[in-house]
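The chain contents come next:
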Amino acid sequence: DQQVKQNSPSLSVQEGRISILNCDYTNSMFDYFLWYKKYPAEGPTFLISISSIKDKNEDGRFTVFLNKSAKHLSLHIVPSQPGDSAVYFCAASSNTGNQFYFGTGTSLTVIP
Amino acid sequence: ETGVTQSPTHLIKTRGQQVTLRCSSQSGHNTVSWYQQALGQGPQFIFQYYREEENGRGNFPPRFSGLQFPNYSSELNVNALELDDSALYLCASSDNRGWNTIYFGEGSWLTVV
């Protein structure tokens, strides 16, 4: 059973606009979350993290929001750039666990 | 660049054969995890090694095995290869268990024919 879900397989956004990628999880024990970007033929690249003690974390153009009651997190990219076109994965883990559970990814296309 | 290196990058094996994939972790990291990523899926946890001991295993059969060496590098071995083992195998390193980000290498693409 998929414990981390990314329900949008793909997303297209105009350059300069905001990209919002969503992720839902089912396990209430998850308390640490990561976002990765993946280009074809490369390994996933870490973007940003958030722990359950926060509801927002920012790093440059990337902001992650966590809504624990809804078991939902989102990644905002502002402004979107063509180089952001990639597959984005969210991942979740618990402090007592040793593995991350990944969603199936959202393919973002930023249109120049 | 994460500093996690994997080899080989691509390989083709025949069903029933055995394969060994290698990983050098990022400097200062003592924990290595292996993930399998099938086409169109997210990475799936195979197992983790911490200080040369297996520290957790995902839903993979015993023919998937591993090692971690004193320098924290690691190997993933898969015996009796099946067609469904065709996937991208990712190694990730981190500096401890718990709330720690894992950093991936470029992966090893395995095709089983």
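Before reading further, recall that the structure is shown in the block above.
These numbers were taken from a predicted model, which means no experiment stands behind them.

**Q** Please explain the overall build of chain A as it appears in this structure.
**A** Across its full length, chain A holds zero helices and eleven strands. Starting at the N terminus and ending at the C terminus, chain A contains elements arranged as β-β-β-β-β-β-β-β-β-β-β. The globule rule puts the C-alpha radius of gyration for 112 residues at 13 Å, and the 13 Å found for chain A is close to it. Its C-alpha atoms give chain A principal-axis dimensions of roughly 45 × 30 × 20 Å.

**Q** For this particular structure, what's the right way to read the interface of chain A and chain B?
**A** Accessible area lost during the coming together of the parts is what is often quoted as the interface size. The interface is formed by 23 residues belonging to chain A together with 22 residues belonging to chain B. Buried area between chain A and chain B, both sides added, is near 1900 Å², and the carbon and sulfur share of it is 58%. If you sort the residues of chain A by the area they bury against chain B, Pro44(A), Asn98(A) and Phe102(A) come out on top, with a joint share of 27%. The interface formed by chain A and chain B holds zero salt bridges in total. Taken together, the links from chain A to chain B amount to six residue pairs in polar contact (both at pLDDT 80 or more). Going through the elements one at a time, strand S4 (32-38) and strand S5 (45-51) of chain A are the ones with two or more residues in the side of chain A that touches chain B.

**Q** Is there a simple way to explain the state of the cysteines in this structure?
**A** Two cysteines joined by a covalent bond between their sulfur atoms form a disulfide. Scanning the model with the defined rule gives two disulfides over all chains in all. Between the sulfur of Cys23(A) and that of Cys90(A) lies a disulfide, 1.9 Å long from S to S. Classification of the bridge connecting Cys23(A) and Cys90(A) rests on its S-S torsion, roughly 70°, and on that basis the disulfide is right-handed. Taken together, the residues Cys23(A) in strand S3 (residues 19-25) and Cys90(A) in strand S9 (residues 86-93) connect sequence positions 67 residues apart. Of the residues examined, Cys90(A) reaches a relative accessible area of 0% and is grouped as buried. Note on cysteine connectivity: Cys23(B) is disulfide-linked to Cys91(B), with sulfurs 1.8 Å apart. Because the torsion about its S-S bond is -65°, the bridge between Cys23(B) and Cys91(B) counts as left-handed. Taken together, the residues span a long stretch of sequence, with Cys23(B) in strand S3 (residues 19-24) and Cys91(B) in strand S9 (residues 87-94) at a distance of 68 residues.

**Q** So what exactly am I meant to see when it comes to the environment of Phe33(A) here?
**A** Residues and elements named next belong to chain A. Looking at where Phe33 falls in the secondary structure, it is placed in strand S4. Phe33 sits in the buried class, given a relative accessible area of 2%. Taking the C-alpha atoms as reference points, Phe33 and Ile50, 17 residues apart in sequence, are found 5.3 Å from one another.

**Q** Explain the sheet that holds S3(A) here, please?
**A** Hydrogen bonding along the main chain pairs the strands of a sheet, whether they run parallel or antiparallel. Residue and element names in this part refer to chain A. Read from one edge to the other, the open sheet built from five strands follows the order S1-S3-S8-S7-S6, with strand pairing classed as antiparallel. Both outer strands of the open sheet, strand S1 (4-5) and strand S6 (56-59), are each paired with one neighbouring strand and no more. Pairing of S1 with S3, which is carried by two bridges, proceeds in the antiparallel orientation. Across the sheet, residue Val4 finds its bridge partner in S3, namely Tyr25.

**Q** It is not clear to me how the packing of aromatic side chains should be interpreted in this structure. Could you clarify?
**A** Summed over the entire model, instances satisfying the criterion amount to 14 aromatic pairs over all chains. Between the aromatic rings of Tyr25(A) and Phe30(A), the centroid separation amounts to 6.2 Å while the plane-to-plane angle is 50°, which identifies the pairing as tilted. A relative accessible area of 7% means that Tyr25(A) is categorised as buried. Judged by relative accessible area, which is 5%, Phe30(A) ranks as buried. Joined through ring pairs, the aromatic side chains of Tyr36(A), Phe46(A), Phe102(A), Tyr35(B), Phe45(B), Tyr103(B) and Phe104(B) make up one cluster.

Definitions and cut-offs
Residues numbered from 1 in each chain as written. Chains lettered and ligands numbered in written order. Predicted model: local features only at pLDDT ≥ 70, side-chain atom pairs only at ≥ 80, totals over all residues. Heavy atoms only, no water. Helix = DSSP H or I, 4+ residues; strand = E, 2+ residues; numbered from the N terminus. Rg over C-alpha atoms; globule rule 2.2 N^0.38 Å. Contact = heavy atoms within 4.5 Å. Buried area = accessible area lost by both parts, 1.4 Å probe. Salt bridge = Lys/Arg side-chain N within 4 Å of Asp/Glu carboxyl O. Polar contact = N/O pair within 3.5 Å; in protein donor to acceptor, adjacent residues only side chain to side chain. Disulfide = S-S within 2.5 Å. Buried < 20%, exposed > 50% of the residue type's maximum accessible area, 1.4 Å probe, protein only. Pairing = 2+ DSSP bridges. Phe/Tyr/Trp six-rings, centres within 6.5 Å; stacked < 30°, edge-to-face > 60°.

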